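Residue strings, one per chain:
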Amino acid sequence: MVWLFLRAYEKPTAKAGVLFGLAAAAATLTIYSAAFGLIGVALAAVLHPGRRRFFARPAPYVAAATFVVALSPHIVWLINNDFSSLRWAGGFVGETSHRAHVAVYLGQHFGLLAFCLIVPAIALWPWRWRAGDGDAPLASERSLVLIITGVLVFGPAILGLVFNVFLKPDWGNSFFFLVPVAVLSLLPKLLVTRQAVAKSAVVAAVVTLILLAAAPVYSWARFKKEPDDGLYRPFVEAAADITRLWRERFHSPLPIVVSGFEVAAPVVFYSTDHPKMFADFDPAYSPWVDYPTELRRKGYVGVCFADDGGCLGYLKSLNPNAEQIDIVLRRQMYGITTPPMTLHLEFTGPKP
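So, how was this worked out
- Residues numbered from 1 in each chain as written.
- Predicted model: local features only at pLDDT ≥ 70, side-chain atom pairs only at ≥ 80, totals over all residues.
- Heavy atoms only, no water.
- Disulfide = S-S within 2.5 Å.
- Buried < 20%, exposed > 50% of the residue type's maximum accessible area, 1.4 Å probe, protein only.
- Axes fitted to C-alpha atoms, helices over the stretch in contact; angles between N-to-C directions.
- Helix = DSSP H or I, 4+ residues; strand = E, 2+ residues; numbered from the N terminus.
- Left-handed = near helix turned anticlockwise from the far one by under 90°.
- Contact = heavy atoms within 4.5 Å.
- 1 Å grid on protein atoms, 1.4 Å probe; cavity = no way out; pocket = protein on both sides within 12 Å on 5 of 7 lines; lining within 4 Å.
- Points joined across faces, edges and corners; volume = space filled by probe spheres on them.
- Nonpolar A, V, L, I, M, F, W, Y, C, P; charged D, E, K, R; others polar.

Novice: Residue-level account of the state of the cysteines, with values.
Specialist: All told, the structure shown has one disulfide when counted by the stated rule. Across the disulfide from Cys304 sits Cys311; the S-S distance is 1.8 Å. Residues Cys304 and Cys311 are joined through a disulfide that is left-handed, its torsion about the S-S bond being -75°. Taken individually, Cys304 and Cys311 each receive the classification buried, so the pair is uniform in this respect.

Novice: Describe in detail the packing of helix α2 (residues 14-30) against helix α5 (residues 59-80), supporting the description with residues and values.
Specialist: Between α2 and α5, the shortest axis-to-axis distance is 7 Å and the interhelical angle comes to 35°. As α2 packs across α5, the resulting crossing turns out to be right-handed. Together, Ala14, Gly17, Val18, Phe20, Gly21, Leu22, Ala24, Ala25, Thr28 and Leu29 of α2 and Ala59, Val62, Ala63, Thr66, Phe67, Ala70, Leu71 and His74 of α5 make up the contact between the two elements.

Novice: An account of the layout of surface pockets is needed here, citing residue identities and associated values.
Specialist: Size it by volume and the largest pocket reaches roughly 890 Å³. If you trace the largest pocket, you find 30 residues lining it, with Tyr32, Ser85, Trp88, Ala89 and Phe92 closest to the centre. Considering each element in turn, the lining of the largest pocket owes the most residues, five residues, to helix α6 (residues 84-90). Taken together, the residues of the lining of the largest pocket break down into 22 nonpolar, five polar and three charged.

Novice: A description of unusual backbone geometry should follow, citing residues and the corresponding values.
Specialist: Backbone torsion omega between Tyr291 and Pro292 reads -5°, so that peptide bond is classified as cis. Although it is not a glycine, Asn164 adopts a positive phi angle of roughly 55°. Here Asn164 shows up in the loop between α8 (139-163) and α9 (169-176). Not every positive phi belongs to a glycine, and His274 is a case in point at roughly 50°. Positionally, His274 belongs in the loop between α13 (261-270) and β4 (276-279). Accessibility expressed as a relative area gives 61% for His274, which makes it exposed.

Take a look at the structure:
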């Protein structure tokens, strides 16, 4: 999206506007936090010295129209489903101590960037400064990139501080990877030699091998320290047992798993029958399930933690007469047995 915006700003034609509008819509449909990118683009376009030339051409207006048209089916879907996605996002407001959390959010990503910037700087040695500026990045693009990067990186942090918003780390992963581009835009005379590129490939290979070798060691150390951590819950074993129990009862592949997202997602992922997921008991979160017709026709298994009263209540409302069973699961790793995980299952068979 950022690259197509730069192209549209350089040559603000209608075609460039269409491409940028489609990219902006795709980014928004991928993750709502891409809105920060749109804010950054808007600020960069308005603050740039060449804004008069840009806004006198068709690109920005064609881009806006294309964006609205491309996004309109999703907007209709949101309206029809009572803005369920936005209500879900609203649940992250006021959930955490914002100052501490924002500090962790920024620290994690800048720690990642330190690796992405310092290691290549060492790996790409020797470098040298190019003699001329003929093939240097356009100076006019530099300010655009810096403004967009600033909004992407610090916009969520400001939102978190002002509105006490819980910032999920994955919301910012793509944002922070624009920082190296912004840094390089400040070094237009830097020239990387072929020798440096070859050296960087060797460094990358060595680092990758080290990471592969360290992965099981990290897993062992983490499990020794926190054997009851959610990462090590026996969902693989749960998926196998649930699939087996369904097949024993109905002699058919498991069609649908009904539960909260944190339980349904791993069970669906690890089940060999690859069932559908009806997540959080809300049709808006599972548009691939024709609710309630498909649940009645194909049947389903409801899964809850045995002590989750809210989840159990939802299952009861779906079918009070479902067959019920509890299963207790553990996992053994590195000679340690995880604490027991008790799941409550409710089976509703298919109807002809």
